[in-house]
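Here is how the chains run, residue by residue.
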Amino acid sequence: MNINSTVISGYQSLNDMSYLLNGKEKALLVTDKNIEGIPAVQALIAQLKQQIATVSVVNSVPPEPSQHDVAAILSALPSRDVDLVIGVGGGSVLDVAKLLSVLCVKNAPTLELLLAGEKPQQRTTSLLIPTTAGTGSEATPNAILAIPEKETKVGIISPVMLPDFVALVPELTTSMPGHIASSTGIDALCHLIECFTATVSNPVADNYALTGMKKLFANLETTINEPGNLQARLEMLWASYYGGASIAHAGTHLVHAMSYPLGANITCPTAWLMQSYWPPACVLYVLRR
Ligand SMILES: NC(=O)c1ccc[n+]([C@@H]2O[C@H](COP(=O)([O-])OP(=O)(O)OC[C@H]3O[C@@H](n4cnc5c(N)ncnc54)[C@H](O)[C@@H]3O)[C@@H](O)[C@H]2O)c1
Ligand SMILES: [Fe+2]
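Residues numbered from 1 in each chain as written. Chains lettered and ligands numbered in written order. Predicted model: local features only at pLDDT ≥ 70, side-chain atom pairs only at ≥ 80, totals over all residues.

Peer 1: Hey, could you run me through the overall build of the protein chain in this one?
Peer 2: In terms of helices and strands, the protein chain carries 11 helices and eight strands. Evaluated residue by residue, the protein chain yields a buried proportion of 46% over its 289 residues. Taking the intrachain contacts of the protein chain between residues at least 6 apart in sequence as the baseline, contacts between residues at least 24 apart amount to 78%. (Helix = DSSP H or I, 4+ residues; strand = E, 2+ residues; numbered from the N terminus. Buried ≥ 20, exposed ≤ 12 C-beta atoms within 10 Å, placed from the backbone. Contact = placed C-beta atoms within 7 Å.)

What follows is the structure in structure tokens.
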């Protein structure tokens, strides 16, 4: 799969977004209330309002969103006529932003049709900014939604949802509580290991996975012990990005697949469930060889 996003990264890399905002008239910023309060996000919103005539902010994305949450967000939108979607948040926010980028265009399929397997053909310009490290959603073609009625999660998958721009900004992740930094770090680790061990793995996915694992093993603990360490935070954002890129080229398997039905029934981060699944998954992996 071709990941065609331009990635900008580093401390204060959101300070001048004019190259991206030029010519845009109607922006939609998707986030949640925790993230909206981060000073760098407030500064980004102020910058958007200075340069773009109409800026709408959706701050109601819940953790692990369901199809009903996205339907509610869609129906509350002041307008679907937008030319830029920006997602700033964890995987929950980024997945919703990816969906809105394909739902807020002329002749877009409905959410129900996307869930039924119809593929989107186009999207607005999009910028994804992760605040966890993480799901790597900014580098995957997937948007994961909970389907409460079926007690599971489903992935809407299309390369069209891969963004034009990704920004990896370490100061946006320093406010993550320790338990979220560790559970989202484990999610990234699961992506990297599962993609490396997938039967459909290939040299491209393996390269991303190995580079990501190296960065993750060297930096996850540092980010927990020194939350303000921007270099370690940036390395973790890259580890997470590489996890997403390896998903785009291979895919997760046992551990993620087993976490979806259980995650739909238990209110806790999927990564907590995945930690408990690794030992049996390793045994199954070895037995299969
Ligand atoms: N699209 C993909 O490829 C992909 C891959 C893996 C997981 N996912 C999905 O991502 C979702 C989980 O995302 P997540 O693990 O990033 O967590 P999340 O987005 O659900 O966030 C968890 C909590 O952490 C808070 N938070 C996030 N960043 C913060 C920060 N910097 N400071 C303070 N609080 C912060 C959020 O407000 C939220 O309350 C699930 O729905 C999962 O299915 C998607
Ligand atoms: Fe995951």
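Peer 1: Which parts of the structure should I look at to understand the site of ligand 1?
Peer 2: By nearness alone, 32 residues border ligand 1, and Asn 34, Pro 63, Gly 90, Gly 91 and Ser 92 come closest of all. Broken down by secondary-structure element, the contributors of at least two residues to the shell around ligand 1 are helix H2 (33-36), helix H5 (91-103), strand S6 (142-147), helix H7 (178-197) and helix H9 (230-249). Per element, the largest residue contribution to the shell around ligand 1 is four residues, and it comes from H5. Considering only residue class, the shell around ligand 1 consists of 10 nonpolar, 17 polar and five charged. (Near = placed C-beta within 6 Å. Nonpolar A, V, L, I, M, F, W, Y, C, P; charged D, E, K, R; others polar.)

Peer 1: Quick question: what am I supposed to make of the environment of His 191 here?
Peer 2: Within the element layout of this structure, His 191 appears in helix H7. Residue His 191 is classed as buried on the basis of its 33 C-beta neighbours within 10 Å. Sequence separation of His 191 and Gly 212 is 21 residues, and the distance between their C-alpha atoms is 9.6 Å. Non-local contacts of His 191, meaning those with residues more than four positions away in its chain, are made with Gly 136, Gly 243, Gly 244, Ser 246, Ile 247 and Thr 252.

Peer 1: Is there a simple way to think about the sheet that holds strand S8 (residues 165-168) in this case?
Peer 2: Within a beta sheet, neighbouring strands are joined by backbone hydrogen bonds and run either parallel or antiparallel to one another. Pairing is parallel across the open sheet formed by six strands, whose spatial order is S1-S8-S5-S4-S2-S3. This sheet does not close on itself; its edge strands, each paired only once, are strand S1 (6-9) and strand S3 (54-58). Strand-to-strand twist of the sheet, defined as the mean angle between neighbouring strand axes without regard to direction, takes the value 15°. Taken together, the six bridges between strand S4 (residues 84-89) and strand S5 (residues 125-130) define a ladder with parallel strand orientation. Considered in S5, the bridge of Gly 89 is made with Pro 130. (Pairing = 2+ DSSP bridges. Axes fitted to C-alpha atoms, helices over the stretch in contact; angles between N-to-C directions.)

Peer 1: Quick question: what am I supposed to make of the nonpolar core here?
Peer 2: Burial of nonpolar side chains together is a common tendency in soluble globular proteins. Leu 28, Val 30, Val 85, Val 96 and Leu 100 are the most contacted members of the largest nonpolar core, which totals 72 residues. Examining the composition of this core, we find that 10 residues originate from one element, H9, more than from any other. Taken domain by domain, the makeup of this core includes at least three residues from each of domain 1 (6-172) and domain 2 (178-288). (Core = buried A, V, L, I, M, F, W, Y, C linked by C-beta atoms within 7 Å. Domains from an automatic or database assignment.)

Peer 1: How should I be thinking about H9 in this particular structure?
Peer 2: With 20 residues, H9 extends 29 Å between its outermost C-alpha atoms, agreeing within 8% with the 28 Å of an ideal straight helix rising 1.5 Å per residue. Burial analysis of H9 places 17 of its 20 residues in the buried class, the great majority of the element. Gly 251 lies just past H9 and shows a positive phi near 150°. (Expected span 1.5 Å × (residues − 1).)

Peer 1: What exactly am I supposed to notice about the packing of H7 against helix H8 (residues 203-225) here?
Peer 2: In a packed pair of helices, the relevant descriptors are the angle between the two axes and the axis-to-axis distance. For the pair H7 and H8, interaxial distance at closest approach is 9 Å and the crossing angle is 160°. Relative to H8, the element H7 lies roughly antiparallel. Of the two elements, H7 crosses H8, and the hand of that crossing is left-handed. Here H7 contributes Gly 178, Ala 181, Ser 182, Gly 185, Ala 188, Leu 189, Leu 192, Cys 195 and Phe 196 to the contact with H8, which in turn contributes Ala 205, Asp 206, Ala 209, Gly 212, Met 213, Leu 216, Leu 220, Thr 223 and Ile 224. Of the residues in the contact of H7 with H8, the class split is 12 nonpolar, five polar and one charged. (Parallel < 35°, antiparallel > 145°, perpendicular 65-115°, else oblique. Left-handed = near helix turned anticlockwise from the far one by under 90°.)

Peer 1: I would appreciate a short explanation of the environment of Gly 87 in the present structure.
Peer 2: Relative to the helices and strands, Gly 87 resides in strand S4. Put simply, Gly 87 and Ser 126 are 39 residues apart on the chain and 8.0 Å apart in space, counted from C-alpha to C-alpha. If sequence neighbours within four positions are ignored, Gly 87 has contacts with Val 30, Val 93, Leu 94, Ala 97, Lys 98, Leu 128 and Ile 129.

Peer 1: How should I be thinking about H8 in this particular structure?
Peer 2: Because an α-helix packs 3.6 residues into every turn, residues spaced three or four apart end up facing the same way. The first and last C-alpha atoms of H8 sit 34 Å apart over 23 residues, in line with the 33 Å expected at 1.5 Å per residue. The sharpest bend along H8 reaches about 35° and sits at Asn 219. Tucked into the core, H8 has its buried residues touching H7 and H9. (Bend = angle between axes of the 7 residues up to and from the residue.)

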